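Inside the fold
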Amino acid sequence: MPTLYIDHEDTTLDLRDGVLHIRAGDAAPRRVPLNFVDRVVLRARTRLDSAVLAALADAGVNLLAFGGRGGQRVAHIAGSAHGDARRRWAQALMLAQPVPAHA
């Protein structure tokens, strides 16, 4: 599960044609194909728009954002499950339970 850590202040994330473009300050942008990423962790001030958030979620990429001093505030956006085995197992267990008779 490849994790992309963003830890440079004032980084910008943009998404074009399935490729995440990462720009930190005046440095040349780095490019990472979205299908190589399972999780994005934001540890520094990062700019991105709702279209990037939606595309990450649609691609099944989880995003974890730490904010404030010491990272005490946390936001988590879960990508789509893509056949999450735990969910399927819980559904199977629920279906295996006997149905109570109505009074």
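In short, a report on the structure. (Residues numbered from 1 in each chain as written. Predicted model: local features only at pLDDT ≥ 70, side-chain atom pairs only at ≥ 80, totals over all residues. Heavy atoms only, no water.)

What follows covers the sheet that holds strand 2 (residues 11–16). Within a sheet, each strand pairs with its neighbour through backbone hydrogen bonds, oriented either parallel or antiparallel. One open sheet holds the four strands; their spatial order is 4-3-2-6, and the pairing between them is mixed. Two strands lie at the open edges of the sheet, namely strand 4 (30–33) and strand 6 (46–47), each paired on one side alone. Pairing geometry for strand 2 and strand 3 (residues 19–24), over six bridges, is antiparallel. Paired with Thr11 across the strands is Ala24, a residue of strand 3. (Pairing = 2+ DSSP bridges. Helix = DSSP H or I, 4+ residues; strand = E, 2+ residues; numbered from the N terminus.)

What follows concerns the nonpolar core. Grouped together as the largest cluster of nonpolar side chains are 15 residues, with contacts concentrated most on Leu4, Ile6, Ile22, Val40, Leu42 and Leu56. If we skip the residues at most four places from it in the chain, Leu56 touches Leu34, Val40, Val61 and Leu63. (Core = buried A, V, L, I, M, F, W, Y, C linked by side-chain atoms within 4.5 Å. Buried < 20%, exposed > 50% of the residue type's maximum accessible area, 1.4 Å probe, protein only. Contact = heavy atoms within 4.5 Å.)

A separate point is the sheet that holds strand 7 (residues 62–67). Spatially, the four strands line up as an open sheet ordered 1-5-7-8, and their pairing is mixed. Looking along the sheet, the strands with just one partner apiece sit at the ends: strand 1 (3–6) and strand 8 (73–77). The average angle at which neighbouring strand axes cross in this sheet is 15°, direction not considered. Looking at chain direction, strand 5 (residues 39–42) and strand 7 are connected through four bridges and run parallel. In the strand pairing of strand 7, Val41 is matched with Leu64. (Axes fitted to C-alpha atoms, helices over the stretch in contact; angles between N-to-C directions.)

Every second residue of strand 1 is oriented toward a common face, the buried set being Leu4 and Ile6 and the non-buried set Thr3 and Tyr5. Summarising the sheet, strand 1 and strand 5 pair through four bridges and their orientation is parallel. Looking across to strand 5, one finds that Leu4 is bridged to Val40.

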